[in-house]
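Inside the fold
Listed below are the residues making up each chain.
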Amino acid sequence: MNIRQSEQHEANRIIDLVRQAFANEPYSDQSEHELVARLFKAEDFIPELSIIAEVDEVLVGFILLTPITIAGEEGVYESLALAPVAVLPAHQNTGIGSKLIRYAHDMASANNHKSIVLVGHEDYYPRFGYELASKFGIRVPFEVPEINVMVVELEADSLEGINGVVQYPAAFFPDE
């Protein structure tokens with residue numbers, strides 16, 4: 001398996017992969033591919049944090065980290081959002097998603113990012129160091145069970161004293 005930064009010309013293939021990966025997910029509205037298409041065009045898109053996995057030169061997985069802020073009473077803090085991690089159905093449960101997440105963490109750290117926020121499955125992400133965001137006083141601006149909102153510190157104690165509401169880029173909310 002090869003994991004690397006995606007290239008601009010691969011955007012349509014990535015969008016199709018994300019559509020396929022979430023097509024039958026019960027906790028999805030099946031619009032993740034539309035989010036990815038918007039994020040690729042966003043002003044604050046970071047190419048180094050758009051990562052693909054290939055097996056025998058076939059695109060099988062994708063992960064994207066996008067800049068966000070956490071706004072609290074003490075100030076506004078930079079972070080990243082993980083959305084989405086996607087693996088083609090035929091390749092799910094083979095470790096590709098785990099490798100993408102670890103690689104993305106390494107790339108984010110190498111680019112001096114200190115934390116990542118996500119909304120995801122409560123049984124999957126803790127194995128990568130994710131904890132409940134509520135432990136830090138961090139919350140998202142929409143209704144979702146608290147147990148599904150998680151954060152990871154890429155640098156020890158980087159969320160110390162940081163709390164507030166996650167502010168996502170406009171691409172996350174196209175109808176507003």
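Note that the coordinates shown come from a computational prediction; the quantities given were computed from them, not determined experimentally.

Procedures and definitions
Residues numbered from 1 in each chain as written. Predicted model: local features only at pLDDT ≥ 70, side-chain atom pairs only at ≥ 80, totals over all residues. Heavy atoms only, no water. Helix = DSSP H or I, 4+ residues; strand = E, 2+ residues; numbered from the N terminus. Buried < 20%, exposed > 50% of the residue type's maximum accessible area, 1.4 Å probe, protein only. Contact = heavy atoms within 4.5 Å. Core = buried A, V, L, I, M, F, W, Y, C linked by side-chain atoms within 4.5 Å. Salt bridge = Lys/Arg side-chain N within 4 Å of Asp/Glu carboxyl O. Polar contact = N/O pair within 3.5 Å; in protein donor to acceptor, adjacent residues only side chain to side chain.

Here's the deal with the environment of Phe-40
You can see Phe-40 is positioned in helix α2 (residues 32–41). Taking the relative accessible area as the measure of exposure, Phe-40 reaches 18% and is therefore buried. Between the C-alpha atoms of Phe-40 and Tyr-125, which are 85 residues apart in sequence, the distance is 24 Å. If we ignore the near neighbours within four places in the chain, the residues touching Phe-40 are Ala-11, Ile-14, Ile-15, Phe-45, Ser-50 and Phe-62.

Notes on the nonpolar core
Among soluble globular proteins, nonpolar side chains are generally buried collectively. Phe-62 and Tyr-130 are the most contacted members of the largest nonpolar core, which has 58 residues in total. Secondary-structure elements contributing two or more residues to this core are α1 (11–22), α2, β2 (50–55), β3 (58–72), β4 (75–87), α3 (96–110), β5 (115–119) and β8 (149–153). Dropping the residues within four chain positions of it, Phe-62 is found in contact with Ile-14, Leu-17, Val-18, Val-36, Phe-40, Ser-50, Ile-51, Ile-52, Pro-84, Val-85, Ala-86 and Leu-100.

Quick word on the pattern of salt bridges
Counted by the stated rule, this structure contains seven salt bridges. Asp-16 is paired through a salt bridge with Arg-19; the nearest N and O atoms lie 2.5 Å apart. Taken together, the residues span about one helical turn, with Asp-16 and Arg-19 both in helix α1 at a distance of three residues. Classification of Arg-19 as partly exposed rests on a relative accessible area of 39%. Across the pair Lys-114 and Glu-155 runs a salt bridge, and its minimum N-O distance is 3.4 Å. Residue Lys-114 is found in the loop between α3 and β5, and its partner Glu-155 is found in the loop between β8 and β9 (164–167); the two are separated by 41 residues along the sequence. Looking at Glu-155, the relative accessible area reads 41%, which means it is partly exposed. Each member of the salt-bridge network shares a partner with another, and the members are Arg-4, Glu-7, Glu-10, Arg-13 and Glu-54.

Some details on the side chain of Ser-28
For Ser-28, the location among the structural elements is in the loop between α1 and α2. Given the relative accessible area of 14%, Ser-28 is considered buried. Of note is the side chain of Ser-28, whose polar atom sits 2.7 Å from the side chain of Glu-32.

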